[in-house]
Amino acid sequence: MVPRVIFGKGSFSQLGEILLPQRRNSEAPFIFLVDDFFENRSLANEIPLLFNDELIFISADEEPKTAQVDALVARIQQNFDELPSGIVGIGGGTLLDLAKAVSILLNNDGLAQDYQGWDLVQRPAIYHVGIPTISGTGAEVSRTTVLLGPEKKLGINSDHTTFDQVILDPDLTQTVPTEQWFYTGMDCFIHCIESLEGTYLNAFSQSYGEKALDLCKEVFLEDHPEEASRDMLMMASWHGGMSIAYSQVGIAHAMSYGLSYLLGIKHGIGNCLVFQHLEEFYPEGVKLFNQMLSKHNIQMPKGICSNLSQSDFDTMVEVSLGMCALWENALGKDWKSIMTPQRLQELYSRI
Ligand code: NAD
Ligand code: ZN
């Protein structure tokens, strides 16, 4: 679990104070990895740079890759004689995951791809701080960083991945465009449904999942002042992340990974594209999802899989069925006889 967290409107202004005791000396910088949406915006001027700290703006147009992590680590090692005092990630799931991975690789030899999997990280990461600017993924609280590698899209899941400090400032999410707000928010909603409907469910996950689901319903189906809604979605994301940390996601995520691998479709929208077709598996969840879609007038793209070749489908099916734990959580130990490659291809072809 994340050992330190502060929450509240304006809490971002405490970042300088929080980092100060973590600064080893003036030669050991803090590296700030920031979503390039904030380049030339006021937040960039509020970042508490000291000594030789470095601010690196990074685009979130594509999901993080292992090679990108390796390149960032090499750049930092080349530019500084000392290991940084820490890494601060500011942005959505993309930037948070990059910050987690870079902080691990700065203290562990080899390449990012070597650590994709479960509990392969030997040494602690360097100190790292996460500051979400969009709510939903739960990346701020989870023990994984999801990376696209040369062979697979898979997380670095470890106890060293989790942030040392998180700052939850709902004000930072004010500028998120409606569609992106919806898609990333639905990531949280889908985490809840998949966790609560899964066979891995336990009291720990259920307690967080139920709270997150209630908050999602308030945010996406009721009318609340924007500020209250931002607060609630930020806490929903946190609770949703906690819920899956001790259980697993399910079919939408397993299929969304296939879409992302083959077509580069991003996580939030990919989950939504899949989830709309999963009524036979999650009837209540899909009903709520459709209400949310229509309340916010979101038009999802259509025909995504209409021109794919058989070998494209084979790739997606293979990537997706490789996520054994997700399928077992969703369908039980006998999942292979329930979700055959043919049935999965048929589901994909509806998207
Ligand atoms: P994102 O980080 O990909 O960002 C989506 C878009 O929103 C980008 O264009 C970004 O520039 C923009 N944006 C972010 N904050 C903004 C703001 N305040 N104002 C305006 N625009 C803003 O989005 P995401 O959905 O949060 O993250 C998706 C990523 O998270 C995927 O790579 C996925 O694999 C990962 N993920 C990780 C975990 C985990 O536990 N580690 C869980 C779920 C998803
Ligand atoms: Zn997700």
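I will try to describe carefully the structure that is included in this document. These numbers come from a predicted model, not from an experiment. (Residues numbered from 1 in each chain as written. Chains lettered and ligands numbered in written order. Predicted model: local features only at pLDDT ≥ 70, side-chain atom pairs only at ≥ 80, totals over all residues.)

Details of the sheet that holds strand 3 (residues 54-58)
As a reminder of what qualifies: Paired strands, in this sense, are two strands between which DSSP finds at least two bridges. Helical segments are the DSSP runs of H or I of at least four residues, strand segments are the runs of E of at least two, and each set is numbered from the N terminus. Structural elements are reduced to axes, namely lines fitted to C-alpha atoms, with helices fitted over the stretch in contact, and the angle between N-to-C directions of any two is expressed from 0 to 180 degrees. With C-beta atoms placed from the backbone, a contact is any residue pair whose C-beta atoms sit within 7 Å.
Sheet architecture is open: 6 strands sit in the order 1-9-6-4-2-3, paired in parallel fashion. Of all the strands in the sheet, the pair left with one neighbour each is strand 1 (4-7) and strand 3. The average angle at which neighbouring strand axes cross in this sheet is 15 degrees, direction not considered. Across 4 bridges, strand 1 lies against strand 9 (residues 165-168) in parallel orientation. The residue bridging Phe7 from the neighbouring strand is Leu168, located in strand 9. Here helix 4 (residues 93-105) sits on the sheet in contact with strand 2 (30-35), strand 3, strand 4 (86-91) and strand 6 (128-132), set at roughly 170 degrees to strand 4.

Focus on the site of ligand 1
Formally: We call a residue near a molecule or strand if the C-beta atom, set from the backbone, is within 6 Å of it. Delimitation of the domains relies on an automatic or database domain assignment.
Close to ligand 1 lie 31 residues, the nearest being Gly92, Gly93, Thr94, Thr137 and Ser142. Where the shell around ligand 1 is concerned, the elements lending two or more residues are helix 4, helix 5 (178-196) and helix 9 (267-275). Among the elements that make up the shell around ligand 1, the one with the highest residue count is helix 4 (4 residues). Looking at which domains feed residues into the shell around ligand 1, each of domain 1 (4-173) and domain 2 (178-349) supplies at least three.

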